[in-house]
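The chain contents come next:
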Amino acid sequence: MATMPIARPETPNAKRQHSNSRLANPYVYLIPAMLIMSVMTYYPMAYGLWMSFTDYALKNLRIDSPPPNFVGLQNFIDIATGALTIPNFDFAYTVAFNLFWTFSNVTVHVIIGVLIAVLLNARGLWFRGVYRAIFVLPIVIPTLVVANVWRNMFDPDFGAINQGLAALGGLIGMPASAFHIRWIESLDPPIPFLPLPLAYFALLITNVWLGWPFMTIVATGALQSIPRDYYEAASMDGASPTQQFFGITVPLLRPAMVPAIVYGITLTFNLFNLIYFVSGGGPLRQTEILVTTAFRLVNQERLYGIAAAFAVYTAIILLVITLITNRVSRATESYDA
Amino acid sequence: MVLITLSVLFPILWVVSMSFDPRADIMRPTTLNLVPPGFSLKAYLDIIEKPSANPVSLPVLTMNSVLLAGGSALASVMIAVFAGYAFSRFRFAGRQTLMIAVLAVLILPTVATLAPLFVLLNRVVIGDFNLRNSLPGVGLALLSSLLPFAIWNLKGYIDTIPKELEEAALIDGASPNQTFFYIMLPLSTPAIAITAFLGFLSGWTEFSISWQFLTDPQNFTLAMTLYNMTGQYASSTPWSHFSAMSVIIALPVSLVYLALQKYMSGGLTIGGVKG
């Protein structure tokens, strides 16, 4: 019969539709996103990879200009050896500073964030709601504005930091001239054995102001889910508050804090606005991170090929960091389970 | 606690106080006032008229920022909600690969694709119009980084919506596409609104792309103007003007953020952790 061969394939077909969440074609739903991402993201990335092997520069920018020359790995070698036209460029230092910047910041954020969350969670604290409302302000205000405001606060002559310090110093009879601190420009490392300029500490102060409230919010949420009985039982067994903190609070906070820390690491590693606007990478590129250097290569130097190679380095470093943090956070996950 | 509160509030009070300083014409504050020595809107009136050395008024700059941020945020959620739905609900060949492809872009900073995007968009020239040197061009470049975030965030949210709701609609005779438009979309509205707002926020404060792409002051944004006030032309800007500008940029988005905050953290942690 003619109907038989038509009827037969209907069964598996209907079945497949069912197992596919009975819906229209998923690829149709993906088409708009994939189309845009192919044109605006993946194609530029592939093009950037090609550019990284060329000497693409301002001379190749016009449509009718000749194509750039293929230079092989020269860009990558020039970046790694510091053989660029930029003064004081040191790739290894920038990478090391970028890593140190990330881990020092996130560590301070987590420690301060958790301590303040514990304080906020203490029983019998007055105005808890008021504190919470105020402490989210740094998260809420755009980083761009925060960075620009702090830049002016660190001004040696008129900045609020020096003026505030001078006012405090005046109370104990110190002259105001003692507080003409050149936060951003000063080249002398304040701590003799650490090769970090004062600008690093200015950035650290700014980013700590910016970053701890996020950790506090995450930690507060987790703290509230720890039953009070645990602490009561522990104090009955004679555990001191310190022992309770490290024996109960820290391990139970871990599952909530690990994703926040991973997020914080990626965010801090690429924190363009803060560094670009507060210190501008100065003095002498000592506080430059990878993203600010990459921006300078495009924006000031107009070395598009080298900038593309730089982006490839950045992507590789980020990939390694992501794989490591993923591995570490997975490891703690299974530890908790 | 009081000390922590003071240190959090200090920079905010400092800037707000300077923006209301009645001596708006003096270049720098000579004393540290957290309570302004009087009250005046002169700084605000000054920058509305002429925010920077460029002949552009504040309403034009604001409009540019609103169009750029609003346009790219809207486009990103409109496209992303379909993709987020597909990733959340279907199991299809290539799903894993495509999801990793989206995630991989998420960890890359915007400046990483700045050079190729600049070169490629610069090629698009129609008469006098150069896509690179235009707000739509910046918007497209911005979209390339907003889209992965929006897809991932919306996917995370849709994962939490029970499948039973759609199944019930299917049994009642709705077509598959109808369940998406009549069930899924209304249920995802909160997540769509928050994702759009976060996209708006990154467009509102976007600096690196617009600074690199745009050369005509008529296209400049608020964020670029703020940099003009502190960067290379800093010495000619009174700080009261700079402060008023900071407040104008920060205040509207901060208020919306505060209002949405309760929903925000919920939506984001789900989006982040579920991935």
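These numbers were taken from a predicted model, which means no experiment stands behind them. (Residues numbered from 1 in each chain as written. Chains lettered and ligands numbered in written order. Predicted model: local features only at pLDDT ≥ 70, side-chain atom pairs only at ≥ 80, totals over all residues. Heavy atoms only, no water.)

Caption draft 1: Representation of the overall build of chain B. A tally of helices and strands in chain B yields eleven helices and two strands. Helices and strands in chain B line up, N terminus first, as α-α-α-α-α-β-β-α-α-α-α-α-α. The principal-axis extents of the C-alpha atoms in chain B amount to approximately 70 × 55 × 30 Å. Burial statistics for chain B: of 275 residues in total, 53% are counted as buried. (Helix = DSSP H or I, 4+ residues; strand = E, 2+ residues; numbered from the N terminus. Buried < 20%, exposed > 50% of the residue type's maximum accessible area, 1.4 Å probe, protein only.)

Caption draft 2: Quick peek at the packing of aromatic side chains. Enumeration over the complete set of coordinates arrives at 54 aromatic pairs over all chains. For the ring pair B:F180 and B:F181, a centre distance of 5.0 Å and an interplane angle of 85 degrees mean the geometry is edge-to-face. By the ring-pair criterion, three or more aromatic residues cluster together here, those being A:F53, A:F70, A:F76, A:F89, A:F91, A:F310 and A:Y313. (Phe/Tyr/Trp six-rings, centres within 6.5 Å; stacked < 30°, edge-to-face > 60°.)

Caption draft 3: Structural view of the interface of chain B and chain A. At the interface, 81 residues of chain B touch 74 residues of chain A. Carbon and sulfur atoms supply 78% of the area buried between chain B and chain A, which totals about 7100 Å² over both sides. Three residues stand out in chain B for area buried against chain A, namely B:M1, B:F90 and B:I107, and they jointly supply 9% of the buried area on that side. Across the chain B-chain A interface, the total number found is zero salt bridges. Summed over the shared surface of chain B and chain A, the result is eight residue pairs in polar contact (both at pLDDT 80 or more). Counting residues per element, the side of chain B that touches chain A draws most heavily on helix α1 (residues 2-19) of chain B, which supplies eleven residues. (Contact = heavy atoms within 4.5 Å. Buried area = accessible area lost by both parts, 1.4 Å probe. Salt bridge = Lys/Arg side-chain N within 4 Å of Asp/Glu carboxyl O. Polar contact = N/O pair within 3.5 Å; in protein donor to acceptor, adjacent residues only side chain to side chain.)

Caption draft 4: Quick peek at the pattern of salt bridges. Tallied over the entire structure, the rule returns six salt bridges over all chains. The salt bridge involving A:E288 is made with A:R296; its shortest N-O contact spans 3.0 Å. When the shortest N-O distance is used, the salt bridge between B:K42 and B:D46 registers 3.1 Å. Of the two residues, B:K42 and B:D46 both sit in helix α2 (residues 42-49), four residues apart, roughly one turn of that helix.

Caption draft 5: Spatial organisation of the nonpolar core. Residues A:I79, A:W101, A:F135, A:Y304, B:F207 and B:F213 are the most contacted members of the largest nonpolar core, which totals 146 residues. Broken down by element, this core gets its largest block of residues, 14 residues, from helix α10 (residues 198-224) of chain A. Beyond its immediate stretch of four places on either side in the chain, A:F135 contacts A:I116, A:L120, A:W212, A:P213, B:M1, B:I4, B:T5 and B:V8. Core analysis: the next-biggest nonpolar cluster, separate from the first, contains 31 residues, A:A33, A:M37, B:Y85 and B:A191 among them. (Core = buried A, V, L, I, M, F, W, Y, C linked by side-chain atoms within 4.5 Å.)

Caption draft 6: Quick look at the side chain of B:T205. Looking at where B:T205 falls in the secondary structure, it is placed in the loop between α8 (176-204) and α9 (208-213). In this structure the side chain of B:T205 is engaged in a polar contact, spanning 3.0 Å, whose partner is the backbone oxygen of B:L201. Contact partners of B:T205, with chain neighbours within four places excluded, come to A:P142, A:L144, A:N273 and B:A223.

Caption draft 7: How the structure looks around the packing of helix α8 (residues 143-153) of chain A against α1(B). Two numbers describe how α8(A) lies on α1(B): the axes approach to 11 Å, and their chain directions differ by 85 degrees. Judged by the angle between their axes, α8(A) and α1(B) are roughly perpendicular. Two secondary-structure elements touch here, α8(A) through A:V149, A:W150, A:N152 and A:M153 and α1(B) through B:F10, B:P11, B:W14 and B:V15. Split by residue class, the contact of α8(A) with α1(B) holds seven nonpolar, one polar and no charged. (Axes fitted to C-alpha atoms, helices over the stretch in contact; angles between N-to-C directions. Parallel < 35°, antiparallel > 145°, perpendicular 65-115°, else oblique. Nonpolar A, V, L, I, M, F, W, Y, C, P; charged D, E, K, R; others polar.)

Caption draft 8: Region of the structure containing the environment of B:I194. Counting through the fold element by element, B:I194 comes out in helix α8. When the C-alpha atoms of B:I194 and B:Y263 are compared, they prove to be 7.9 Å apart, with 69 residues separating the residues in sequence.

Caption draft 9: Focus on helix α9 (residues 160-171) of chain A. The end-to-end C-alpha distance of α9(A) is 17 Å, a good match for the 16 Å that twelve residues give at a rise of 1.5 Å each. One or two positions beyond α9(A), positive phi appears at A:G173, with a value near 80 degrees. (Expected span 1.5 Å × (residues − 1).)

Caption draft 10: Summary view of the environment of A:V140. Inspection of the secondary structure assignment puts A:V140 in helix α7 (residues 137-140). Look at A:V140 and you get buried, because its relative accessible area is 2%. Along the primary structure A:V140 and A:L210 are separated by 70 residues, whereas in three dimensions their C-alpha atoms are 9.7 Å apart. Beyond its immediate chain neighbours, meaning those up to four positions away, A:V140 contacts B:S254, B:Y257 and B:L258.

Caption draft 11: Focus on the confidence of the model for chain A. Mean pLDDT for chain A: 85, with 91% of residues reaching 70 or above. Within chain A, helix α5 (residues 91-121) of chain A carries the highest mean pLDDT (94), whereas helix α1 (residues 3-7) of chain A carries the lowest (40). (pLDDT = per-residue confidence, 0-100.)

Caption draft 12: Highlighting the packing of α8(A) against α10(A). Residue and element names in this part refer to chain A. Where α8 meets α10, the closest approach of the two axes is 11 Å, and the angle between their N-to-C directions is 145 degrees. In terms of crossing hand, the pair formed by α8 and α10 is right-handed. Of α10, the residues touching α8 (which contributes T143, V146 and W150) are I205, T206, W209 and L210. Grouping the amino acids of the contact of α8 with α10 by side-chain chemistry returns five nonpolar, two polar and no charged. (Left-handed = near helix turned anticlockwise from the far one by under 90°.)

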